[in-house]
Amino acid sequence: MNITVNATSLHNAMALLCTVARRNPRTILEYVCLELGRDCVTLCATNMDVSLRIDVPIIRDGIREYGSAVCIQAAWLLAALKGKKGDVTLITEGADVTVQVGGALSSATTMSCEDFPVVQFNVDAFANTPATPVVDVTFESAVLRDAIARVLPAMARTDEVRSSLQHIRLQVADDETCVMEASDGRRHHRVMPRITAIRSIANMSVYLSGTSAGILLKMLAPKRDAPRGVAVLRSSGIFTSVTVGGQTLMNRADVHRYPDIEKYVPTGYGISARFDGVALARALALVPIIQIGTGKDRETMPVRLEIAGGQITLAVCGENGRPAYRATAPGMLALDTCPADYIIAVNPTYLADGVKAAACAGGEITLQFVDPLQMVRLDGNGFRGLIMPVRIKRP
């Protein structure tokens, strides 16, 4: 094999593939499989739960056999391409591979592709029967990326909670609506991305792991001088593929008993405050994160929303219980049903993430409260967030 590709294109592809082909007890899973086509080289990586396939155009070729494949260690190839510009030539001879950029050469030993797992990127192959429903819908890339970015902060990142919460859920309904949500048990983010095209639809829940969501954010990022793209999502339930241009992600997620968040949403809110979303988001970014304790006893001091005199004040206490930060929440447009004395405390990171997601497109956002023990609700720009309050001792 002797082919030449663009160094930047190959480096960008390897940067994505290395998020999948990481250190693994099975050595072969630290490698990428390169398969030669007529006009491109297809690179594939998998960890058995997440698989990624990327096509890189071939600029020119010397000697190659269509359909031939070779496995190269992903971390080595990424390091060999670091900082390289122009064209790069891949040369294989026997069990060795050489990367040539200009006069610089780097060589390594390959592995047999017979040991590389067979990765299926067609979800139809995983359907139990031909009658198994398959979701096949299309989103604008920018819409899908925005939806993932807004709900991802609420997804659980620790094994201390149920595994289902370590995923983003998409609910695709027969009425052609889509709901995307994530929760860690203490907060919940929900958006409704707009579907632009439908080939097949079924009332089904689709799950994306945190790794897959992070990769999709990079795949869906706008490319310089490139037209606005689309993302095709296909799912048979456990297996879901997302294709963007020449890149395809396959996600395997066998999730059971995802919690029904809707039953925890209060039926009515007595207090409602409308804000300029951008102003409030900037103010919350200045609120200090104060942590006390050590190890498992370490906790974050909550931010108190103190409502009095027609204003909302943001306050954080230090370890000694004395105020460490206090400021009036800016950008308030209206406050309905203002009580004489009302204090509710929430995690400052949760509140900042929720307001940022609600205010991503500017405009107004709404904060709603029932009492200090029920969920705070945020709404804005098609986003709904819920935050569980923190119990505090009233002064």
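Rules of the game
Residues numbered from 1 in each chain as written. Predicted model: local features only at pLDDT ≥ 70, side-chain atom pairs only at ≥ 80, totals over all residues. Heavy atoms only, no water. 1 Å grid on protein atoms, 1.4 Å probe; cavity = no way out; pocket = protein on both sides within 12 Å on 5 of 7 lines; lining within 4 Å. Points joined across faces, edges and corners; volume = space filled by probe spheres on them. Helix = DSSP H or I, 4+ residues; strand = E, 2+ residues; numbered from the N terminus. Nonpolar A, V, L, I, M, F, W, Y, C, P; charged D, E, K, R; others polar. Buried < 20%, exposed > 50% of the residue type's maximum accessible area, 1.4 Å probe, protein only. Contact = heavy atoms within 4.5 Å. Core = buried A, V, L, I, M, F, W, Y, C linked by side-chain atoms within 4.5 Å. Polar contact = N/O pair within 3.5 Å; in protein donor to acceptor, adjacent residues only side chain to side chain.

K.L.:
Even after reading the chapter, I still don't get empty space enclosed by the protein, so can you show me in this structure?
P.N.:
To locate leftover empty space, one rolls a probe as large as a water molecule over the atoms. Tallied over the entire structure, the rule returns 2 cavities of 30 Å³ or more. In this model, the largest cavity occupies a volume close to 40 Å³. Lining of the largest cavity is provided by Phe275, Leu280, Leu284, Leu305, Ile312, Leu314, Ala329, Leu351 and Leu367. If you list the elements that add at least two residues to the lining of the largest cavity, you get helix H5 (277-285) and strand S22 (311-317). Of the residues assigned to the lining of the largest cavity, the class counts are 9 nonpolar, no polar and no charged.

K.L.:
How do you make sense of the environment of Ala253 when you look at a structure like this?
P.N.:
Topologically, Ala253 is positioned in the loop between strand S17 (247-252) and strand S18 (271-276). Judged by its relative accessible area of 3%, Ala253 falls in the buried class. Sequence-wise, Ala253 and Phe239 are 14 residues apart; in three dimensions their C-alpha atoms are separated by 6.6 Å. With sequence-adjacent residues up to four places away left out, Ala253 is seen in contact with His167, Tyr207, Gly237 and Ile238.

K.L.:
Honestly, the environment of Ala173 in this entry has me stumped. Any pointers?
P.N.:
Relative to the helices and strands, Ala173 is located in the loop between strand S10 (167-172) and strand S11 (178-183). Considered as a pair, Ala173 and Cys40 are 133 residues apart in the sequence and their alpha carbons are 37 Å apart.

K.L.:
I'm lost on unusual backbone geometry in this one. Help?
P.N.:
For residues besides glycine, phi is generally negative; the peptide bonds are generally trans as well. Even without being glycine, Glu176 reaches a positive phi, approximately 70 degrees. Its location among the elements puts Glu176 in the loop between S10 and S11.

K.L.:
What's the story with the nonpolar core in this structure? I'm lost.
P.N.:
Soluble, globular proteins show a tendency: their nonpolar side chains are buried together. Counting 102 residues, the largest nonpolar core has Met14, Ile168, Leu305 and Leu351 as its most contacted members. For Leu351, the contacting residues outside a window of four places in its chain are Leu284, Val303, Leu305, Val346, Leu367, Leu378 and Ile387. By size, the runner-up hydrophobic cluster in this structure holds 12 residues, among which are Cys44, Val123, Val134 and Phe239.

K.L.:
Just to check I follow, could you spell out the environment of Arg274 for this structure?
P.N.:
Topologically, Arg274 is positioned in strand S18. On the basis of relative accessible area, Arg274 is assigned to the partly exposed category, the value being 30%. Once the C-alpha coordinates of Arg274 and Arg145 are considered, the two residues, 129 residues apart in sequence, prove to be 27 Å apart. Once you skip the residues sitting within four places of it in the chain, Arg274 turns out to touch Gly331, Met332, Leu333, Ala334, Glu364, Ile365 and Thr366. Side-chain polar atoms of Arg274 contact the side chain of Glu364, separated by 3.0 Å.

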